[in-house]
Amino acid sequence: MKQKIKTILQTLMAVTVILFVSGIWYVVSAEKTEALHAKQEIEIQEVVDTLEAITTHTLPNFERANNQTFIDSTIACVNYIYNNTSDVYPVNLELLVAQAALESAWGNSRFALEGRNLFGIRTYDLREPHMLPSNNPKKWGVKVYMHECDSVQHYINILNNGTKFEEYRKLKHEQDINDPMKLVLTLDAYASDEKYFGKVIRIIKMLREDYTLN
């Protein structure tokens, strides 16, 4: 009988020790798990913060100290638009920069300096902010923008959606032709000057030979 009681007590003591050790292991394990989860959350947040910093694109300052800074600023606008607009179809970059250079005198025309209009875009709604050219037309003005990038975005929208640029879209979108020398020949609606195409093509060649399009 005594031996049986002794055996029971030994068993109870063993179970108690096992439970005690298990309890300690569980507490330590839980603390380690919690610490691991906290570390993982910190690491995930760091990755999220890094990605947000990478993907956040701010409106660029537009500089025009020389032709290259004008080109760089115009391209910065294009990148800003593409990175902040989900439904925009890219246009040919050389053509865009060449037209901006021609229409705005490399960013130094009155309309570019005062109206931030790089493309000579007109408005026929004279309730909108606008400037009048020297010939003082009665039915239209040159549109005024808050930022040069706004005029770049409007230009892209005109080529992609304007009713007068279907030939451009047929060549660019349907035939997948991205040669600016060919695309410019579809922009009759932009060409009030009969020598317009030749001027744009000369600037495209100049861009390729003398400047960098990053």
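These numbers come from a predicted model, not from an experiment.

Reading guide: rules and limits
- Residues numbered from 1 in each chain as written.
- Predicted model: local features only at pLDDT ≥ 70, side-chain atom pairs only at ≥ 80, totals over all residues.
- Heavy atoms only, no water.
- Disulfide = S-S within 2.5 Å.
- Helix = DSSP H or I, 4+ residues; strand = E, 2+ residues; numbered from the N terminus.
- Buried < 20%, exposed > 50% of the residue type's maximum accessible area, 1.4 Å probe, protein only.
- pLDDT = per-residue confidence, 0-100.
- Contact = heavy atoms within 4.5 Å.
- Arc of directions from axis to C-beta.
- Polar contact = N/O pair within 3.5 Å; in protein donor to acceptor, adjacent residues only side chain to side chain.
- Phe/Tyr/Trp six-rings, centres within 6.5 Å; stacked < 30°, edge-to-face > 60°.
- Expected span 1.5 Å × (residues − 1).
- Pairing = 2+ DSSP bridges.

K.L.:
When you look at the state of the cysteines in this model, what are you seeing that I'm missing?
P.N.:
Should the sulfur atoms of two cysteines be covalently bonded, the bond is a disulfide. All told, the structure shown has 1 disulfide when counted by the stated rule. At a sulfur-sulfur separation of 2.0 Å, the disulfide partner of cysteine 77 is cysteine 149. Measuring the twist about the S-S bond at about -80°, one finds the cysteine 77-cysteine 149 disulfide to be left-handed. Taken as a pair, cysteine 77 in helix α2 (residues 67–84) and cysteine 149 in helix α5 (residues 148–161) lie far apart in primary sequence, 72 residues in all. Residue classification places cysteine 149 among the buried positions, given a relative accessible area of 1%.

K.L.:
What exactly am I supposed to notice about the confidence of the model for the protein here?
P.N.:
Low-pLDDT portions of the prediction should not be read for the details of their coordinates. In this model, the protein carries an average pLDDT of 85, and 75% of its residues clear a pLDDT of 70 or more. Mean pLDDT per element in the protein: helix α1 (residues 2–55) is the minimum at 57, and helix α3 (residues 93–104) is the maximum at 98. For residues 47–55, every residue scores under 50 in pLDDT, and the model assigns this stretch 0 contacts once sequence neighbours within four places are set aside.

K.L.:
Could you clarify how one ought to interpret helix α6 (residues 166–174) in this entry?
P.N.:
Residues spaced three or four apart along an α-helix face the same direction, because each turn holds 3.6 residues. If you check which residues of α6 are buried, you get Tyr168, Arg169, Leu171 and Lys172. Across the axial projection of α6, the buried residues extend over an arc of 165°, all falling on one side. Opposite the buried face of α6, at more than 90 degrees from it, the exposed residues are Glu166 and Glu174. Buried-residue contacts for α6 involve α3, α5 and α7 (180–183). In the segment just after α6, aspartate 176 is the residue with positive phi, at about 55°.

K.L.:
Would you take a moment to explain the environment of methionine 206 for this structure?
P.N.:
With respect to the helices and strands, the residue methionine 206 is situated in helix α8 (residues 196–210). Expressed as a C-alpha distance, the spacing of methionine 206 and alanine 98, which sit 108 residues apart in the sequence, is 9.1 Å. Beyond its immediate chain neighbours, meaning those up to four positions away, methionine 206 contacts Trp106 and Tyr211.

K.L.:
Looking at this model, I keep getting lost on the side chain of histidine 147. Mind explaining?
P.N.:
Along the chain, the position of histidine 147 falls in the loop between β3 (141–143) and α5. Looking at histidine 147, its side chain comes within polar contact range of the main-chain oxygen of proline 60, at 2.9 Å. One polar contact links the side chain of histidine 147 to the main-chain amide nitrogen of cysteine 149, over a distance of 2.9 Å.

K.L.:
Would you explain the packing of aromatic side chains in this entry?
P.N.:
For any two aromatic rings, the description comes down to two numbers: the centre-to-centre distance and the angle of the planes. Tallied over the entire structure, the rule returns 7 aromatic pairs. Between the aromatic rings of phenylalanine 165 and tyrosine 190, the centroid separation amounts to 6.2 Å while the plane-to-plane angle is 50°, which identifies the pairing as tilted. Of this pair, phenylalanine 165 sits in the loop between α5 and α6 while tyrosine 190 sits in the loop between α7 and α8, and the two are 25 residues apart along the sequence. Under the relative-accessibility criterion, phenylalanine 165 is labelled buried at 6%. Judged by centre distance (6.3 Å) and plane angle (15°), the ring pair of tyrosine 190 and tyrosine 196 falls under stacked. Judged by relative accessible area, tyrosine 190 falls into the buried class, the value being 12%.

K.L.:
Whenever I open this one, α8 confuses me. Can you help?
P.N.:
Spanning 15 residues, α8 covers 21 Å between terminal C-alpha atoms, matching the ideal 21 Å at 1.5 Å per step. All buried positions along α8 are accounted for by Tyr196, Val200, Ile201, Ile203, Ile204 and Leu207. Each buried residue of α8 sits inside an arc of 160° when the element is viewed along its axis, so together they form one side. In α8, the exposed positions angled more than 90 degrees off the buried face are occupied by Arg202, Glu209 and Asp210. On its buried side, α8 packs onto α2, α3 and α7.

K.L.:
Quick question: what am I supposed to make of the sheet that holds strand β2 (residues 130–131) here?
P.N.:
In a beta sheet, neighbouring strands pair by backbone hydrogen bonds and run either parallel or antiparallel. An order of β1-β3-β2 is seen for the 3 strands of this open sheet, with the pairing classed as antiparallel. Strand pairing shows two members of the sheet lacking a second neighbour, β1 (122–123) and β2, which therefore form its edges. For β2 and β3, the ladder comprises 2 bridges, and the chain directions are antiparallel. Among the inter-strand pairings, histidine 130 is bridged to a residue of β3, identified as lysine 143.

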